[in-house]
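Structure at a glance
Chain by chain, the residues run as shown.
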Amino acid sequence: MTSEFLSSKVRAVVLEKYGNPKDVLRVHTYELPPITPTTLHIRFLASPINPADVNQIEGVYPVKPTFTKELGILPDGEHKELAVAGNEGLAEVIAVGDQIKDFKVGDWVVIGRSGFGTWRTHAVATPNDVIRINHEGIGLIQAATLTVNPCTAYRMLKDFVTLNEGNQYKTQKTFLGGAYSGGKCRPP
């Protein structure tokens, strides 16, 4: 196992039930489970907030977060099932289990599945949970928004705008709901 990780404390934005985000979200600290031969420890570098995240917290999004008792005991002494909010984010691999050969400390990864819970400082992941990305030539913010925002921007442009070859559409946060942070998007 290789590791640069010093602390075992994780801070996360969690919910124990669905509802209005201002009413159901809280910051929770818990212990990061020890690494195993088949897991990775990752440290989140950036985790955006998307409309789908809000819908998931409200309980109206088709994909539900995973509720688990593995996040530790709450300050009130109760051991409740909690879910970590967030579907998209960029993380850095900080520890690699001995049996994992395809990842190394320092790799940048994005989450490959909805409901993982990205609004936290650190997490345990399996190689199937993450997708390694080459971080040369891409900034932190752009990398953090690779898995949801480009798809949302594409659907918005495909479903609501007539795309013609050679045209460029200047996207705005107001039009795409923050799906693509400015810049240009060319039709495929």
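Residues numbered from 1 in each chain as written. Predicted model: local features only at pLDDT ≥ 70, side-chain atom pairs only at ≥ 80, totals over all residues. Heavy atoms only, no water.

The name given to the protein in an unreviewed UniProt entry is Chaperonin 10-like protein, with Glomus cerebriforme as the source organism.

Overview of the packing of aromatic side chains
For the record, the criterion: Stacked, edge-to-face and tilted labels apply to pairs of Phe, Tyr and Trp rings (six-membered ring for Trp) whose centres lie within 6.5 Å, assigned for plane angles under 30 degrees, over 60, and everything in between, in that order. The numbering of helices and of strands both runs from the N terminus, where a helix is a DSSP run of H or I of at least 4 residues and a strand a run of E of at least 2. Note on exposure labels: buried denotes an accessible area under 20% of the residue type's maximum, exposed denotes more than 50%, and partly exposed covers the range between, all computed with a 1.4 Å probe on protein chains only. A ring has a charge above it when a Lys NZ or an Arg CZ is no more than 6 Å from the ring centre and no more than 35 degrees off the ring normal.
What the rule picks out here adds up to one aromatic pair. When the ring of Tyr 18 is compared with that of Phe 67, the centres are 5.5 Å apart and the planes differ by 90°; the resulting orientation is edge-to-face. One end of the pair, Tyr 18, is in the loop between strand 2 (9–15) and helix 1 (21–24); the other, Phe 67, is in the loop between helix 2 (51–58) and strand 5 (83–84), and 49 residues separate them in sequence. A relative accessible area of 32% places Tyr 18 in the partly exposed class. Residue Phe 67 is classed as partly exposed on the basis of its relative accessible area, which comes to 23%. Across the ring face of Tyr 18, the terminal group of Lys 64 is positioned such that the distance to the ring centre comes to 5.8 Å. Note that Arg 132 overlies the ring of Phe 103, its terminal NZ or CZ placed 5.2 Å from the centroid.

A look at helix 4 (residues 149–160)
How we decide: One fewer than the residue count of a helix, multiplied by 1.5 Å, yields its expected span. Directions from the helix axis toward the C-beta atoms define the arc.
End to end, helix 4 covers 16 Å across 12 residues, agreeing with the expected 16 Å (1.5 Å per residue, within 8%). The complete set of buried residues in helix 4 reads Asn 149, Ala 153 and Leu 157. Down the axis of helix 4, the buried side of the element spans an arc of 65°, and every buried residue falls inside it.

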